[in-house]
Amino acid sequence: MAYECCAQCGISLQESEIKDQVCLQCINNPPAFDETFCLDFYDGILQESLHQFKYQKRVTFAHGLAGAWNQLFTDQLNESFADYLLPVPLSIQKLAARGFNQSWELAKLIRCRSSIQKSPYILRRHHYSEHQAGTSAANRHRLIQGMFYIEPMYLDQLENKIVIVFDDVMTSGATLNEIASILKDNGVSRVINWVLLRTPRST
């Protein structure tokens, strides 16, 4: 990204935070994840393409979005070491309604080391009818608690592993923080977020 952003949560930094490369929120209330890479702001030029892909079901837009990621991050992230790359999951009900998981469709197209195993089956999500969009950060954190779990057959495979979690949009960070907490509670040593678009800092 062209702007200075927090190395841990990806939010744009205020001038006083630039020296340490970490925002005050992450210093005062450290999230469970360790690092975040974002392609652009949510209100940037890629927002419309993501909306066409995600809400209008124009799946071909995934290739352009992933292509932008690969073009910018190939050199920076292609050598990143990790064991797994996991998309943020949808519930079975939401997946059936949409027809695809946008995070998985993008993750499949993201370039990374061949040793990194991509899988949409390890992380799972319970169904909950209340939507997060438009809610406050505090409410997002409340809604997301207990929403994710790890498929039992994969539990032993995650012990002491490094996991990349891929999401299309990061807003408050509640979803990714909850996932990172679940992963670390089950033996994962490090969690890195790869996020297509990050909402800008509230002014």
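Residues numbered from 1 in each chain as written. Predicted model: local features only at pLDDT ≥ 70, side-chain atom pairs only at ≥ 80, totals over all residues. Heavy atoms only, no water.

Describing the overall build of the protein chain
In step 1: Counting its secondary structure elements, the protein chain contains seven helices and seven strands.
In step 2: In the protein chain, the succession of α and β elements from N to C terminus is α-β-α-α-β-α-α-β-β-α-β-β-α-β.
In step 3: Relative to the globule expectation of 17 Å for 203 residues, the C-alpha radius of gyration of the protein chain, 16 Å, shows essentially globular dimensions.
In step 4: When the backbone C-alpha atoms are referred to their principal axes, the protein chain occupies close to 45 × 40 × 35 Å. (Helix = DSSP H or I, 4+ residues; strand = E, 2+ residues; numbered from the N terminus. Rg over C-alpha atoms; globule rule 2.2 N^0.38 Å.)

Overview of helix 7 (residues 174-185)
In step 1: Here helix 7 spans 16 Å end to end across 12 residues, near enough to the 16 Å set by a 1.5 Å rise per residue.
In step 2: Extensive coverage of helix 7 is indicated by the burial of nine of its 12 residues.
In step 3: Among all positions in helix 7, only Ala174, Thr175, Leu176, Asn177, Glu178, Ile179, Ala180, Ile182 and Leu183 are buried.
In step 4: Following helix 7 by one or two positions, glycine 187 has its phi on the positive side, about 100°. (Expected span 1.5 Å × (residues − 1). Buried < 20%, exposed > 50% of the residue type's maximum accessible area, 1.4 Å probe, protein only.)

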